[in-house]
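So the chains spell out like this:
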Amino acid sequence: MREKRSMKDTLSIKTGYVLPPDTNHHGTLFGGKLMAYIDDIASISATKLARKPVVTASTDSVDFLKPIRVGDAVTLEAMVTYTGTTSMEVFVKVLSENLMTGEKEVAAISFLTFVALDKSGHPTAIPEVLPETEDEKWLNETAVNRASHRKARKKYSKELVEFFSSPGK
């Protein structure tokens, strides 16, 4: 029988200042910089579940909803929402906070997939994640649909690789 760990035990939170070197000419956080922050916090959350090394298998989506401006605080909250045998889905919510007014907004959301590795670098079994709150249950239950989309997208990506690998491309 597989070990179970609660979703809340995978919660990882990181807050930082948005400084001028991290922004574009619009004075907002570079998208690539935010994506690096997202991958970093998601890998911490995934490792908390697996307690083994993990690698990013895919970034399913990063939806930029609101700009994050220079001088804001940016907070990332990550949690494992669903587990397969060796892989797991991690949800990341990104909040921006105007530190002068205290106004907070959800600035971005993202879903990523991680795979746990054994000492030889091969996929290895992980505990099952256990949702407890209503929000956790919703994220867990809706993960099957996201996994279906992920598999279809991966199949299409393989078709694109095959197309672009053919002679003359």
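Scope of this entry: the structure provided in the associated data block. (Residues numbered from 1 in each chain as written. Predicted model: local features only at pLDDT ≥ 70, side-chain atom pairs only at ≥ 80, totals over all residues. Heavy atoms only, no water.)

Looking only at helices and strands, the protein chain features two helices and seven strands. Of the regular secondary structure in the protein chain, the N- to C-terminal order runs β-β-α-β-β-β-β-β-α. Counting only C-alpha atoms and orienting by the principal axes, one finds that the protein chain spans roughly 50 × 50 × 30 Å. The proportion of buried residues among the 169 residues of the protein chain is 37%. Across the protein chain, every contact between residues at least 6 apart in sequence was considered, and the portion connecting residues at least 24 apart equals 73%. For the protein chain, the accessible surface area stands at approximately 10,000 Å², while carbon and sulfur atoms represent 57% of it. Computing the positive centroid from 23 side-chain charges and the negative centroid from 22, the protein chain places the two 5 Å apart. (Helix = DSSP H or I, 4+ residues; strand = E, 2+ residues; numbered from the N terminus. Buried < 20%, exposed > 50% of the residue type's maximum accessible area, 1.4 Å probe, protein only. Contact = heavy atoms within 4.5 Å. Areas by Shrake-Rupley, 256 points an atom, 1.4 Å probe, with all protein chains shown as cover. Lys, Arg positive; Asp, Glu negative; His and termini not counted. Charge placed at Lys NZ, Arg CZ, Asp CG, Glu CD.)

Among the structural elements, Lys33 can be located in helix α1 (residues 31-50). Spatially, the C-alpha atom of Lys33 lies 25 Å from that of Ala116, the residues being 83 residues apart in sequence. Separated by 3.4 Å, the side chains of Lys33 and Asp22 make a polar contact. (Polar contact = N/O pair within 3.5 Å; in protein donor to acceptor, adjacent residues only side chain to side chain.)

Estimates place the volume of the largest pocket at around 400 Å³. Along the walls of the largest pocket sit 16 residues, with Ser87, Thr113, Ala147, Arg150 and Lys151 positioned nearest its centre. Contributing elements (two or more residues each) for the lining of the largest pocket: β3 (54-64), β4 (73-83), β5 (87-97) and α2 (134-165). Counting residues per element, the lining of the largest pocket draws most heavily on α2, which supplies seven residues. (1 Å grid on protein atoms, 1.4 Å probe; cavity = no way out; pocket = protein on both sides within 12 Å on 5 of 7 lines; lining within 4 Å. Points joined across faces, edges and corners; volume = space filled by probe spheres on them.)

This part is about α1. Taking 1.5 Å per residue, 20 residues should reach 28 Å; α1 reaches 28 Å between its end C-alpha atoms and fits that length. For α1, the set of buried residues is Leu34, Ile38, Ile41, Ala42, Ser45, Ala46, Leu49 and Ala50. Positive backbone phi, approximately 55 degrees, marks Arg51, located one or two places after α1. (Expected span 1.5 Å × (residues − 1).)

Let's shift gears to the sheet that holds β3. Here five strands make up an open sheet; going across it, the order is β2-β4-β5-β6-β3 and the pairing antiparallel. One side of each edge strand has no neighbouring strand; the edge strands of this open sheet are β2 (12-17) and β3. Strand-to-strand twist in this sheet, taken as the mean axis angle between neighbours without regard to direction, amounts to 20 degrees. Contacting β2, β3, β4, β5 and β6 (104-116), α1 crosses the sheet at an angle of about 45 degrees to β4. (Pairing = 2+ DSSP bridges. Axes fitted to C-alpha atoms, helices over the stretch in contact; angles between N-to-C directions.)

On to a nonpolar patch on the surface. On the surface, Tyr17, Leu19, Leu99 and Met100 cluster together to form a nonpolar patch covering roughly 470 Å² of accessible area. Considering the arrangement of structural elements, one finds Met100 in the loop between β5 and β6. (Patch = residues over 30% accessible without salt bridge, like charges linked within 9 Å, V, L, I, M, F, W, Y side chains within 5 Å. Salt bridge = Lys/Arg side-chain N within 4 Å of Asp/Glu carboxyl O.)

Next up on the list: the pattern of salt bridges. As enumerated under the stated definition, the model contains twelve salt bridges in all. The shortest N-O distance in the salt bridge between Arg150 and Glu89 comes to 3.4 Å. On the criterion of sequence distance, the pair formed by Arg150 in helix α2 and Glu89 in strand β5 is long-range, its members being 61 residues apart. The buried category is assigned to Glu89, whose relative accessible area is 1%.

Shape descriptors only; they carry no functional weight alone.
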